[in-house]
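# Geometric and topological summary
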Amino acid sequence: MFIALHEIRRAWVRFALVVTAIGLLVFLILFQQTLQSGLITSFVGAIEHQSSPVLVYSVDGLCNLEGSVILPDVEQDVRSVDGVGVAGRIGQGTFSVRAGGQTTSAAIVGFEDPRVGAPTTLVSGRMAAADGEAVALESSADEGFGLGDTVRVEPGGLELRIVGQASEIGLHASPTLFTTYGTLEEVLASSNPAARGLAPAAIGVIPEGGVSDAQLVERIDRAVPDAEALTRADAVTSTPGVAQIQQSFRLIFLLYGLVIPLVTGMFFLILTLQKAQSLTLLRAVGASAGYLIWSLLIQVVTVMVLGIGLAVAMYTPLSSRRLGGLPLTFQTGAVVFWAVALLVLGILSALVSMRRVLRIQPIEAITGAGVTA
Amino acid sequence: MNKTPNPPSATDAPALQLRGVRKVYEVGGQPAVALDHASLTVERAEIIALVGPSGSGKSTFCSIAGGLLNPTEGSVVVAGEDITGYDPRRLSEFRQSTVGFVFQSANLVPFLTARENLLVVDEVGRRTGAAARRRADKLLDELGVGERAKNMPNQLSGGQRQRVAIGRALMNEPQLVLFDEPTSALDTATGEQVMELIRSEIGSRGTAAIVVTHDERITRFADRTVHIVDGVLDA
């Protein structure tokens, strides 16, 4: 502690610079993690935060509410699969609506049974239960989708009253409404009187007691060839575009995950080489190699902890804001994961410096060779 | 009843006993003898000047006597402790407790103050805390650099840096202090002041010292002069 902390105190400018560099890099990771989460939530939050643990699409629907159409015989077959406890229709469409004095497009999701397909993240008001009622995406409140507002479907003029707000239920990065299935049928009829009824986009299913979600998925897939069942989590990641977003961000995270230990490792290697004579002197007066390694580790951990602390301090206020139309949230899991991962990587990055320290021979205090080549 | 005489205790034993010490290095695949069957006894409170030209084996002698290096042959006993064949860890512990060093260059840690350069000896060794702080202050005062205790090494003159280094060498209350060319980087007047200081500080403590030098003028500060040429001592 003595050597490590005194050196940091005396050379605080260089340590402050490396802490700032690490802090900025970690901040970028955390911010982009939040950005990724915000993007995915705005695209498929309606699937992630609805009540049905298993969703059944048509086999050619590409795991997408927009593209999936469940025909009546398929619906009947799904409902009759052994292990299905509760099943209910889920419909979806994108419509032009008039809200807050503006005409915009909104995604509307209709659920037949609130146990399968209703939003699970209600933050104010109540669930839509009657005709003409809707639960809206909380972050769209300023755009005319606030609690008590009325949204008019164009053309046709059908009015929907916002009776509740839920967080993270966005679909296709649009303002999103959840209504009863009957209300969604009325919306379709109002906007397109020529439409011949509303076919469900998916069937929401709850397994009966003793059957797991995965077991039920397997049974449905085996029993109904024209259906594709997915657990809620799989439905999220299987939605077209989500995997590509995750893959792109994974590549960015990988690069940062390499750059940060490289910066740390290079910094401490240069520092070790610069103070080779001092380390040799300390070895000569009786400091063990373990003592010098321990001092190095204290410095690495101090730099990483301060860097991560700086990053979290910058990230916290930014993570509660909106970026364009994208709501951001503080990702506690991401902070913990990256803090631990980067701390471990930082320590590993100092292995080269540790090796240099171990190669220092105390006799070089007399021969003046410094660190052995 | 016959009594067996007690073996000499560590405090009664000579500060250094080298017996038939040989050190052979491998240079370009060929053996090179740096120290050839050297034998020397240094008594307590004795100051020895070890004089020899460059490459004569002075540094090797100093390294073996101070536990920085193991000999190829022979035995090394410092203050009654036979350190022949000690592994690196035990040699570190030995250096922490028994010897002090003043080197020719790189004598002080540049990011520690004069006082902290003394305290670091306690930090890597016994860790006595407050007692060490008192001892460091006392040593710096005695060496005439007490008012420079909070200065960094680059704020000290060459002579002041050597005084601090002497303080560091005495910090662990050693039995033997090894000085490797302690005046080579100093002008003549400062060098003489440093040697007088070594003489008085070492003499007052009853500690033994070996001053390695190639400067014959230094020998007048020593109790005895030993010459070394091509690894052979003329003790």
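Residues numbered from 1 in each chain as written. Chains lettered and ligands numbered in written order. Predicted model: local features only at pLDDT ≥ 70, side-chain atom pairs only at ≥ 80, totals over all residues. Heavy atoms only, no water.

### Quick look at the environment of A:Ala201
Residue and element names in this part refer to chain A. Structurally, Ala-201 is set in the loop between α4 (181–191) and β9 (202–207). Sequence-wise, Ala-201 and Gln-92 are 109 residues apart; in three dimensions their C-alpha atoms are separated by 6.4 Å. If we ignore the near neighbours within four places in the chain, the residues touching Ala-201 are Val-56, Tyr-57, Leu-65, Ser-68, Val-69, Ile-70, Ile-90, Gly-91 and Gln-92. (Helix = DSSP H or I, 4+ residues; strand = E, 2+ residues; numbered from the N terminus. Contact = heavy atoms within 4.5 Å.)

### With respect to a negative patch on the surface
A cluster of acidic residues, A:Asp60, A:Asp73, A:Asp77 and A:Asp226, forms a negative patch on the protein surface. Its place among the elements puts A:Asp226 in the loop between α5 (213–223) and β10 (227–231). (Patch = residues over 30% accessible without salt bridge, like charges linked within 9 Å, V, L, I, M, F, W, Y side chains within 5 Å. Areas by Shrake-Rupley, 256 points an atom, 1.4 Å probe, with all protein chains shown as cover. Salt bridge = Lys/Arg side-chain N within 4 Å of Asp/Glu carboxyl O. Lys, Arg positive; Asp, Glu negative; His and termini not counted. Charge placed at Lys NZ, Arg CZ, Asp CG, Glu CD.)

### A short note on the confidence of the model for chain B
Residue and element names in this part refer to chain B. The share of residues in chain B with pLDDT of 70 or more is 94%, and the mean pLDDT across the chain is 87. Helix α6 (residues 188–205) is the least confidently modelled element of chain B, averaging 84 in pLDDT, while strand β4 (residues 73–78) averages 94, the highest of any element. Contacts of residues 1–9 to residues separated by more than four positions or lying in other chains number zero contacts, the stretch itself having pLDDT below 50. Listed scores for the predicted complex are pTM 0.79 and ipTM 0.87. (pLDDT = per-residue confidence, 0-100.)

### Some points on a nonpolar patch on the surface
Residue and element names in this part refer to chain A. Taken together, the side chains of Val-336, Val-340, Val-344, Leu-348 and Leu-351 present a nonpolar region at the surface, about 440 Å² in accessible area. Among the elements that line the nonpolar patch, the one with the most residues is helix α10 (residues 332–349), at four residues. Within the fold, Val-340 resides in helix α10.

### A few points about the packing of aromatic side chains
Residue and element names in this part refer to chain A. Counted according to the given criterion, the structure contains nine aromatic pairs over all chains. With centroids separated by 6.4 Å and ring planes inclined at 55 degrees, the aromatic side chains of Phe-15 and Phe-268 adopt a geometry described as tilted. Taken together, the positions of Phe-15 in helix α2 (residues 12–48) and Phe-268 in helix α7 (residues 242–274) put the pair 253 residues apart, joining distant regions of the chain. Grouping residues by exposure puts Phe-15 and Phe-268 together as buried. Here Phe-249 and Phe-253 contribute two aromatic rings whose centre-to-centre distance is 6.1 Å and whose plane-to-plane angle is 40 degrees, an arrangement assigned as tilted. In this pair, Phe-249 and Phe-253 are both assigned in helix α7, four residues apart and thus about one turn of the helix distant. For Phe-253, a relative accessible area of 8% puts it in the buried group. (Phe/Tyr/Trp six-rings, centres within 6.5 Å; stacked < 30°, edge-to-face > 60°. Buried < 20%, exposed > 50% of the residue type's maximum accessible area, 1.4 Å probe, protein only.)

### Things to note about the side chain of A:His6
All names here are of chain A. Within the secondary structure layout, His-6 lies in helix α1 (residues 2–10). Of the residues examined, His-6 reaches a relative accessible area of 15% and is grouped as buried. Side-chain polar atoms of His-6 contact the backbone oxygen of Phe-2, separated by 2.7 Å. (Polar contact = N/O pair within 3.5 Å; in protein donor to acceptor, adjacent residues only side chain to side chain.)

### Focus on the interface of chain A and chain B
In this complex, chain A contributes 23 residues to the contact, which on the side of chain B involves 28 residues. Between chain A and chain B, roughly 2,300 Å² of surface is buried when both sides are summed, and carbon and sulfur atoms account for 69% of that area. Where chain A touches chain B, the interface holds two salt bridges. The salt bridge partner of B:Glu116 is A:Arg9, with a shortest N-O separation of 3.8 Å. Remark: the boundary between chain A and chain B carries eight residue pairs in polar contact (both at pLDDT 80 or more). Residues belonging to the side of chain A that touches chain B are distributed by class as follows: 13 nonpolar, five polar and five charged. (Buried area = accessible area lost by both parts, 1.4 Å probe. Nonpolar A, V, L, I, M, F, W, Y, C, P; charged D, E, K, R; others polar.)

### Section: helix α5 (residues 158–170) of chain B
Taking 1.5 Å of rise per residue, the 13 residues of α5(B) would be expected to cover 18 Å, and the 19 Å separating its terminal C-alpha atoms lies within 8% of that figure. Burial runs high along α5(B): 11 of the 13 residues are buried. Contact partners of the buried residues in α5(B): α8 (276–284) of chain A together with β6 (99–102), α3 (114–123), α4 (130–142), β7 (176–180) and α6 of chain B. (Expected span 1.5 Å × (residues − 1).)

### Observations concerning the sheet that holds strand β1 (residues 16–27) of chain B
All names here are of chain B. In space, the four strands of this open sheet follow the order β2-β1-β4-β5, with antiparallel pairing throughout. Looking at which strands have only one partner, the edges of the open sheet turn out to be β2 (30–42) and β5 (81–82). Bridge count for β1 against β2 is nine bridges, and the pairing is antiparallel. Counterpart to Leu-18 in the pairing with β2 is Leu-40. Set on the sheet, helix α1 (residues 58–65) makes contact with β1, β2 and β4; between it and β1 the angle comes to about 125 degrees. (Pairing = 2+ DSSP bridges. Axes fitted to C-alpha atoms, helices over the stretch in contact; angles between N-to-C directions.)

### What about the nonpolar core?
Nonpolar side chains tend toward joint burial in soluble globular proteins. Judged by nonpolar contacts, the single largest core of 155 residues is most densely connected at A:Tyr57, B:Leu16, B:Phe61, B:Val78, B:Ile166, B:Phe179 and B:Ile210. By residue number, the principal contributor to this core is α2(A), which donates 15 residues. Residues lining this core come from more than one domain, with at least three contributed by each of domain 1 (2–43 + 242–367) and domain 2 (47–238) of chain A. If we ignore the near neighbours within four places in the chain, the residues touching B:Ile166 are B:Val102, B:Leu143, B:Phe179, B:Val194, B:Leu197 and B:Ile198. Core analysis: the second largest hydrophobic core is formed by 18 residues, A:Val97, A:Ala134, A:Val151 and A:Leu188 among them. (Core = buried A, V, L, I, M, F, W, Y, C linked by side-chain atoms within 4.5 Å. Domains from an automatic or database assignment.)

### Some words on the domain arrangement of chain A
Residue and element names in this part refer to chain A. Taken domain by domain, chain A comprises domain 1 (2–43 + 242–367) and domain 2 (47–238). Here domain 1 and domain 2 have C-alpha centroids that lie 45 Å from each other. With 10 residues of domain 1 at the contact, the number on the domain 2 side is 10 residues. Summed over both partners, the interface of domain 1 with domain 2 comes to about 770 Å²; 49% of that surface belongs to carbon and sulfur atoms. On the surface where domain 1 and domain 2 come into contact, there are zero salt bridges. If you look at where domain 1 meets domain 2, you find four residue pairs in polar contact (both at pLDDT 80 or more). At the level of elements, α2 and α7 are the ones that each hand at least two residues to the side of domain 1 that touches domain 2. Top element by residues in the side of domain 1 that touches domain 2 is α2. It accounts for four residues. Classifying every residue of the side of domain 1 that touches domain 2 gives five nonpolar, four polar and one charged.

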